[in-house]
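In case you want the letters, here they are:
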Amino acid sequence: MSEDSQIFVIKTTANQERSVATALARVSKKEKLDIRAILAPDELKGYVLVEAPKSGIVELAIQTIPHARALVKGSSSIAEIEHFLKPKPTVTGIKEGAIIEVTSGPFKGEKARVKRVDEGHEEITVELFDAVVPIPITIRGDTVRILKKDNE
Amino acid sequence: MAEKVCRHCMRVLEGQTCVICGTSDLAEEWSGLVIILDAERSEIAKKLGVDIPDKFALKVR
Ligand SMILES: [Zn+2]
């Protein structure tokens, strides 16, 4: 039987999560270290998760990797990080009737009311407040900021 | 070169086709990176249903 996996956390320079993950995979293969998986979720800025049986292996592996700053003390179980494996659609949390501000694209800065939410395509249909005629427009769910959850 | 992701198996790859699936249905916009090194012993690989070590995305658009 092999030893049980644990999850260790590496602190990285911001925006270098993927380069650290890739470099760590390369070192692990070259040195034949028992690192089983490496995870760099986009929601987790400045950290990379490593699945291995012992912290010492990870500690050793990161010594020569640029932008891998430190190994965080302690470990987590797989259950604790499992939610990172199923990222939520960007429209989650946006409800019909919510008031949003468009944060990029041609309508940047405009405020609008949400008419429809399309989870599958991660799009929302909104009506701009400042439009002379309220024409519904469809935009990406990650290009808005919620101002008011609904019209309570 | 920009890496793309196979919409079928979620592999991160370079080039125009996924050699595993034989498809060119690739996503240019993706997020979350997982590298599976030991598919047999990795719990993460089990959760994701991965049995061949490779680089994978967690989400595509
Ligand atoms: Zn594929």
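Residues numbered from 1 in each chain as written. Chains lettered and ligands numbered in written order. Predicted model: local features only at pLDDT ≥ 70, side-chain atom pairs only at ≥ 80, totals over all residues. Heavy atoms only, no water.

**Some thoughts on the coordination of the zinc ion**
Residues and elements named next belong to chain B.
Reasoning step 1: The zinc ion binds to the protein through Cys6 (SG), Cys9 (SG), Cys18 (SG) and Cys21 (SG); the donor distances cover 2.2 to 2.3 Å.
Reasoning step 2: Viewed at the metal, the 4 donor atoms of the zinc ion are separated by angles of 104 to 112°, and the geometry they form is tetrahedral.
Reasoning step 3: Donor residues for the zinc ion, ordered by position in the chain, follow C-x2-C-x8-C-x2-C. As far as the burial class goes, Cys6 and Cys9 line up, both buried. (Donors = N, O, S within 2.8 Å, 3.2 Å for Na, K, Ca; no water. Tetrahedral: all angles 85-135°; square planar, octahedral: opposite > 155°, others 65-115°. Buried < 20%, exposed > 50% of the residue type's maximum accessible area, 1.4 Å probe, protein only.)

**A short note on the packing of aromatic side chains**
Reasoning step 1: In the structure shown here, the tally under the stated rule is 0 aromatic pairs over all chains.
Reasoning step 2: A cation sits over an aromatic face here: Arg18 of chain A above Trp30 of chain B, 4.0 Å from the ring centre. (Phe/Tyr/Trp six-rings, centres within 6.5 Å; stacked < 30°, edge-to-face > 60°. Lys NZ or Arg CZ within 6 Å of the ring centre and 35° of its normal.)

**Some thoughts on the environment of Gln63 of chain A**
Reasoning step 1: Positionally, Gln63 of chain A belongs in the loop between α2 (55–62) and β4 (68–71).
Reasoning step 2: Once the C-alpha coordinates of Gln63 of chain A and Ile139 of chain A are considered, the two residues, 76 residues apart in sequence, prove to be 44 Å apart. (Helix = DSSP H or I, 4+ residues; strand = E, 2+ residues; numbered from the N terminus.)

**Section: the nonpolar core**
Reasoning step 1: With 47 residues, the main nonpolar core has Leu24, Ile35, Ile38 and Leu39 of chain A together with Ile36 and Ile44 of chain B as its most contacted residues.
Reasoning step 2: Sorting elements by how many residues they give to this core places helix α1 (residues 17–31) of chain A first, with 6 residues.
Reasoning step 3: Counting residues in hydrophobic clusters, the runner-up holds 13 residues, among them Ile94, Ala98, Val114 and Val126 of chain A. (Core = buried A, V, L, I, M, F, W, Y, C linked by side-chain atoms within 4.5 Å.)

**Let's talk about the pattern of salt bridges**
Reasoning step 1: A full pass over the atoms with the stated rule returns 19 salt bridges over all chains.
Reasoning step 2: Residue Lys115 of chain A is joined to Glu127 of chain A by a salt bridge in which the shortest nitrogen-to-oxygen separation is 3.7 Å. Of this pair, Lys115 of chain A sits in strand β6 (residues 111–118) while Glu127 of chain A sits in strand β7 (residues 123–128), and the two are 12 residues apart along the sequence.
Reasoning step 3: Here Lys115 of chain A falls in the partly exposed class, since its relative accessible area comes to 37%.
Reasoning step 4: Given a relative accessible area of 22%, Glu127 of chain A falls into the partly exposed group.
Reasoning step 5: We note a salt bridge from Asp38 of chain B to Arg41 of chain B, for which the minimum N-O separation is 2.8 Å.
Reasoning step 6: If you follow the salt bridges from partner to partner, you end up with Asp34 and Arg36 of chain A together with Asp38 and Arg41 of chain B in one network. (Salt bridge = Lys/Arg side-chain N within 4 Å of Asp/Glu carboxyl O.)

**Notes on the environment of Lys45 of chain A**
Reasoning step 1: Structurally, Lys45 of chain A can be placed in the loop between β2 (37–40) and β3 (47–52).
Reasoning step 2: From its side chain, Lys45 of chain A meets the backbone oxygen of Asp42 of chain A in a polar contact 3.4 Å long. (Polar contact = N/O pair within 3.5 Å; in protein donor to acceptor, adjacent residues only side chain to side chain.)

**Some words on the interface of chain A and chain B**
Reasoning step 1: On the side of chain B, 20 residues touch chain A, which itself brings 33 residues to the contact.
Reasoning step 2: Surface buried jointly by chain A and chain B totals about 2,200 Å² across both partners, of which 58% is contributed by carbon and sulfur atoms.
Reasoning step 3: Three residues stand out in chain A for area buried against chain B, namely Arg18, Arg36 and Leu85 of chain A, and they jointly supply 24% of the buried area on that side.
Reasoning step 4: Seen at the junction of chain A and chain B, the total is 5 salt bridges.
Reasoning step 5: A salt bridge links Asp34 of chain A to Arg41 of chain B, with the shortest nitrogen-to-oxygen separation between them at 3.3 Å.
Reasoning step 6: Inspection of the chain A/chain B interface yields 12 residue pairs in polar contact (both at pLDDT 80 or more).
Reasoning step 7: Elements that contribute at least two residues to the side of chain A that touches chain B include exactly α1, β2 and α3 (78–81) of chain A.
Reasoning step 8: Of all the elements, α1 of chain A adds the most residues to the side of chain A that touches chain B, at 6 residues.
Reasoning step 9: Classifying every residue of the side of chain A that touches chain B gives 15 nonpolar, 6 polar and 12 charged.
Reasoning step 10: Bridge analysis of β2 of chain A against strand β4 (residues 30–36) of chain B gives 4 bridges, and the strand direction is antiparallel. Within β4 of chain B, the position partnered with Ala37 of chain A by the bridge is Ile36 of chain B. (Contact = heavy atoms within 4.5 Å. Buried area = accessible area lost by both parts, 1.4 Å probe. Nonpolar A, V, L, I, M, F, W, Y, C, P; charged D, E, K, R; others polar. Pairing = 2+ DSSP bridges.)

Such coordinate-based values are descriptive only and should not be taken to indicate function.
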